[in-house]
Amino acid sequence: MIAETVWTKEMEFEGRSESGHKVVFDAGDRHVNGPSPMEAVLMALCSCTSVDVVSILKKKREPLTSLTVSATAEQSAAPPRVFTKIMLTYVIGGAVSKKAAEDAVELSKNKYCSVSKMLEKAAQIDFRIEYASDSNVHISSG
């Protein structure tokens, strides 16, 4: 895997992947034109675990209709400002069994998600699952 970043102006950089994709990173105070590098890391974590959870639930033939994964992170006060705590919230839609959802999230966290495995060397990563069914939201934590 190969990636590069090119400085374009001020505190903006264009990230380029070997597969030909581009992402603008904006390290300025307001992040007007793109995420900061650390925001992109959180987005990558959410994406990585989402791929796992969807794949696992599909293999289990669970009736998944939606999935949103959000991350809230705390950073160390002094540079390098690494993440110290991350809370992932999974909002799962459809009549997915609670056990299947919990198993999928655990497998992602403990076995499959490469981003999570890298980040857990510096940060405590916790999660909670919300089950959105019609008008109810049931919460399970791990």
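Residues numbered from 1 in each chain as written. Predicted model: local features only at pLDDT ≥ 70, side-chain atom pairs only at ≥ 80, totals over all residues. Heavy atoms only, no water.

Enquirer: Explain the pattern of salt bridges to me, using residue names and the numbers behind them.
Expert: Throughout the structure, instances matching the rule amount to six salt bridges. Glu 4 serves as the salt-bridge partner of Arg 16, at 3.4 Å between the closest nitrogen and oxygen. Here Glu 4 lies in strand S1 (residues 3-9) and Arg 16 lies in strand S2 (residues 12-17), a separation of 12 residues in the sequence. Look at Arg 16 and you get partly exposed, because its relative accessible area is 32%. Taking relative accessible area as the criterion, Glu 4 reaches 42% and is therefore assigned partly exposed. (Salt bridge = Lys/Arg side-chain N within 4 Å of Asp/Glu carboxyl O. Helix = DSSP H or I, 4+ residues; strand = E, 2+ residues; numbered from the N terminus. Buried < 20%, exposed > 50% of the residue type's maximum accessible area, 1.4 Å probe, protein only.)

Enquirer: Please provide a residue-by-residue account of the sheet that holds S1, values included.
Expert: In any sheet, the strands associate via hydrogen bonds between backbone groups, in a parallel or an antiparallel arrangement. Spatially, S1-S2-S3 is the arrangement adopted by the three strands of the open sheet, whose pairing is antiparallel. Bordering the open sheet on either side are S1 and strand S3 (22-26), each of which pairs with just one other strand. Across the sheet, the axes of successive neighbouring strands diverge by a mean angle of 25 degrees, strand direction being ignored. (Pairing = 2+ DSSP bridges. Axes fitted to C-alpha atoms, helices over the stretch in contact; angles between N-to-C directions.)

Enquirer: Can you break down the layout of surface pockets residue by residue, with the values?
Expert: Taken as a whole, the largest pocket encloses approximately 320 Å³ of empty space. Taken together, 14 residues form the lining of the largest pocket, with Ile 2, Ala 3, Arg 16, Ser 17 and Val 23 sitting closest to its centre. Mapped by element, the contributors of at least two residues to the lining of the largest pocket are S1, S2 and S3. Each pocket or cavity is described by its volume, and for the second largest pocket that value is around 250 Å³. Counting residues per element, the ones that place at least two in the lining of the second largest pocket are S3, helix H1 (37-59) and helix H3 (114-119). Per-element tally for the lining of the second largest pocket: the top contributor is H1, with five residues. Grouping the amino acids of the lining of the second largest pocket by side-chain chemistry returns 11 nonpolar, no polar and no charged. (1 Å grid on protein atoms, 1.4 Å probe; cavity = no way out; pocket = protein on both sides within 12 Å on 5 of 7 lines; lining within 4 Å. Points joined across faces, edges and corners; volume = space filled by probe spheres on them. Nonpolar A, V, L, I, M, F, W, Y, C, P; charged D, E, K, R; others polar.)

Function cannot be inferred from these measures alone, as they are strictly geometric.
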